[in-house]
Every structure is written in C-alpha cells, then in structure tokens.
2 protein chains.
Amino acid sequence: MAQLSDNIEQFIKELMREDAHIELRRNELAHHFGCAPSQINYVLATRFSVDHGYIIESRRGGGGYVRIVRMSTRDEPNFLDTLLNRVGNSVDEETANAIISNLNERKMITGREAALMRSAISRNALALPISAKDVLRAAVFKNMLIQAFKNLEEDERDDV
Amino acid sequence: MAQLSDNIEQFIKELMREDAHIELRRNELAHHFGCAPSQINYVLATRFSVDHGYIIESRRGGGGYVRIVRMSTRDEPNFLDTLLNRVGNSVDEETANAIISNLNERKMITGREAALMRSAISRNALALPISAKDVLRAAVFKNMLIQAFKNLEEDERDDV
DNA sequence: GTATATAATAGTCAAAGATGGTCAATGGGA
DNA sequence: TCCCATTGACCATCTTTGACTATTATATAC
C-alpha cells in the first residue's frame, strides 16, 4: 500500500505542476487525507525541505496558511542547500561576506541587498555579551537601519 | 484567504491614497464590513500604529470620529535618529516589523529588502541560548540566505 | 440658563475561535 | 530489529467578538 506520506507528497507536487508556489490549509489537507494535521508537517519536513529544493512559509491564526515555494534550479541545483551546508552551525564574518559577494556577482541579490546582509552579520551587529534575545535583535536591526539609510543616500546620489 | 483585518486595512489605505489623513466613523465602517466595532480598533492597532507611520486621533460621543493621519518624514529631519532611539537597546519583533513596513511604504526600501530585514530579525533567526558569536551569525545568515532565494523566486514570477 | 438625563459614539480587555508547530510515543513494514 | 510513518497532546500565534466602560452632544426639566 502506497504510503500516506507518498500520496500527500504526490498530491502536493501535482498542485505545483503549474505554479512554482502554492498555498494550502494544513487542516484542510489533513482532513482530505483523513490524517493528523501534524502528518502534513512530516511530509513537508521530509519531502519539501530546502535540500529538496523547496522553501516553506506559514502563518498561524485565522486565515493561516502554509506556502510551498519551489526554487529555481537554473543555476547549480540546490545552490541554496550547498550554501547552507557551507555555513553549517558556525561561520565567520569573512566567509559569510564572501558568499554575499558571490551572490551579488551572480546578480542574485542587488548591491543594496548585499550591503544589508553584511550589516546584519557584521561584528558590530553581533558582538556583545548578549543574553536577551530582544537586545540582540535591537543591535542587528539598528545596523540594518543604518545600512538602509546609507543605501538611500547612495540612490539619491545616483538619481540626482 | 484574505482576512477581514486585511480587507479593512486595504480599504483604509485605499481611502488614504490621495489624502494624508482621513476621518471615518468606527461604527459605520464596522457595519460596512459586518463586524464588531472593536475589530476596527484591532486593525488600527496592528496596522496603523505610530511605528507603522500613522497617528490615530478620535473623539467619542455624538459626531464622534476616528482620524487617521499618515506621518510625514519631511517633518522629521532626523528620521534615522528617531528610529534608532525608538529601537533603543531592546525591541520586539512586532515593533521592528512595523518599522520595516513603514520604510517600505515610504519606498525607502524595496519589498525584497524589507523581507531580508525581517528575516534577519525573526524569532527563528535569533532565538537560541547563544554564546558563540559565530553560531548566532550563522543562524541569522541562514535566514537571510533563505530569504534572498525566496526573493529570487518572486522576481522570476514577476518577470515572467 | 443650568443641571440632568439620554443618545450616540469610541475604547479596552479578556475570552473564544481559528490556524499552524513541535515533539515524544507508538505503529508497522522491510 | 530498525527506521520511516503516524498520531495526539500540548503549545504558539493571529483574529474576532462581546461585555463593560468612557466621552461628548443634545434634549429635557427646572
């Protein structure tokens, strides 16, 4: 007997034949297959993970949803996965910056975006003897704000 | 599925396309959408807060009203400074996201950049009882990478 | 005219409703 | 036996509602 998970996987992939991204209701889908809602999470985790070339987004509460996005593979397949593995559990600033530059050169991110990313991971943003999550977030966020404004200035200079 | 709250938000923003401030009757609007009047307050609180760049004024009693005013940056020569002060040493995700949305609405950052910023400060990216700076950076960076790829997908969708 | 009652608004807040997420225990087939 | 699959209890998040409260204008009483 075909596994329930396989059926759900096929069902979803069928839905994605046309569009590279779909949105669905977890509970609805679970009901359709007569299974526990968490089963859907299992399928997503095991068959639609990043290394399978998908990205999952979701939202809870009324009007909640689960969105599945299929990544383009026109470049090297699973490029994102490769990068994520490269980063692993630990990465230094230099390595990260190199990756950012690479993405920029490939025109996958704009110069502005690259700058934003660098600002978010800079020593300056992440140092500190942090303990509270909010405190850390504030630091990261401040740096990003500053960079966003620098970008603005640059745009203005270019535009004018 | 478009949420009631989202619909109300869009409705209000449509009304504000021309004018920087509008006045409305809470009960009337609630009736228009067939919802509880307090629903309007919810929308205002979650989508038209000061951090979102709006100011709400109101008056009760006969002839009462709710006025929504879009703040102008022209009145804020030091907008960046204002935001930095607002963030301070600690900021929660909700507030930060509101500010990001505000910057995006003002066209100071693109939608892609806003998404990047959100990903960098999300709970997901910053949780953990971190100790090593590199570990934390890896988490933040991973999230940003994922977001960058999502953006790529979205661009393709728009272009094609 | 002033005080008081009534009507017309809007605000607050906590509870209920609507979703989705996580994780550990259990099931079942190769 | 081992590993993938499945479930269910419990958690997190976002939305919607309703009861109760606060404020203001207007009508009424004196």
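Here we summarise the structure given alongside this text. (Residues numbered from 1 in each chain as written. Chains lettered and ligands numbered in written order. Predicted model: local features only at pLDDT ≥ 70, side-chain atom pairs only at ≥ 80, totals over all residues. Heavy atoms only, no water.)

1. Describing the pairing of strand 3 (residues 65–70) of chain B
Residue and element names in this part refer to chain B. Under the convention used in this document: Strands are labelled as partners when DSSP assigns at least two bridges between them. By the criteria applied, helices consist of DSSP H or I runs no shorter than four residues and strands consist of E runs no shorter than two, each listed in order from the N terminus.
For strand 1 (residues 21–24) and strand 3, the ladder comprises four bridges, and the chain directions are antiparallel. Bridging across to strand 3, histidine 21 finds its partner in valine 69. In sequence, strand 2 (residues 54–59) turns back onto strand 3 through a hairpin of five residues, with glycine 61 there showing a positive phi of about 75 degrees.

2. Comments concerning the protein's contact with DNA strand D
Short version of the rule: Any residue with a heavy atom lying within 4 Å of a molecule or strand is counted as near it. Here a polar contact is recorded for every N or O atom pair within 3.5 Å, except that within protein the pair must consist of a potential hydrogen donor and a potential acceptor, and residues adjacent in sequence are included only if both atoms are side-chain atoms. Amino acids are sorted into nonpolar (Ala, Val, Leu, Ile, Met, Phe, Trp, Tyr, Cys and Pro), charged (Asp, Glu, Lys and Arg) and polar (every other residue, Gly among them).
The immediate surroundings of DNA strand D are formed by 27 residues, with Ser5 and Tyr42 of chain A together with Ser5, Tyr42 and Arg59 of chain B found nearest. Contacts to DNA strand D include arginine 47 of chain B, whose side-chain N or O atom sits 3.2 Å from a phosphate oxygen. Secondary structure elements with two or more residues in the surface near DNA strand D: helix 1 (4–15) and helix 3 (37–47) of chain A together with helix 1 (4–15) and helix 3 (37–47) of chain B. Across the surface near DNA strand D, the residue classes break down as eight nonpolar, twelve polar and seven charged.

3. Quick notes on the sheet that holds strand 1 (residues 21–24) of chain A
Residues and elements named next belong to chain A. Which entries qualify depends on this criterion: Here the axes come from fitting lines to C-alpha atoms, over the contacting stretch only for helices, and the angles between their N-to-C directions go from 0 to 180 degrees.
An order of 1-3-2 is seen for the three strands of this open sheet, with the pairing classed as antiparallel. Bordering the open sheet on either side are strand 1 and strand 2 (54–59), each of which pairs with just one other strand. Between one strand axis and the next, the sheet turns through 15 degrees on average, direction left out of account. As paired strands, strand 2 and strand 3 (residues 65–70) are joined by six bridges and run antiparallel to one another. When the sheet's bridge partners are listed, isoleucine 55 is paired in strand 3 with valine 69.

Everything listed here is a matter of geometry and, on its own, says nothing about what the molecule does.
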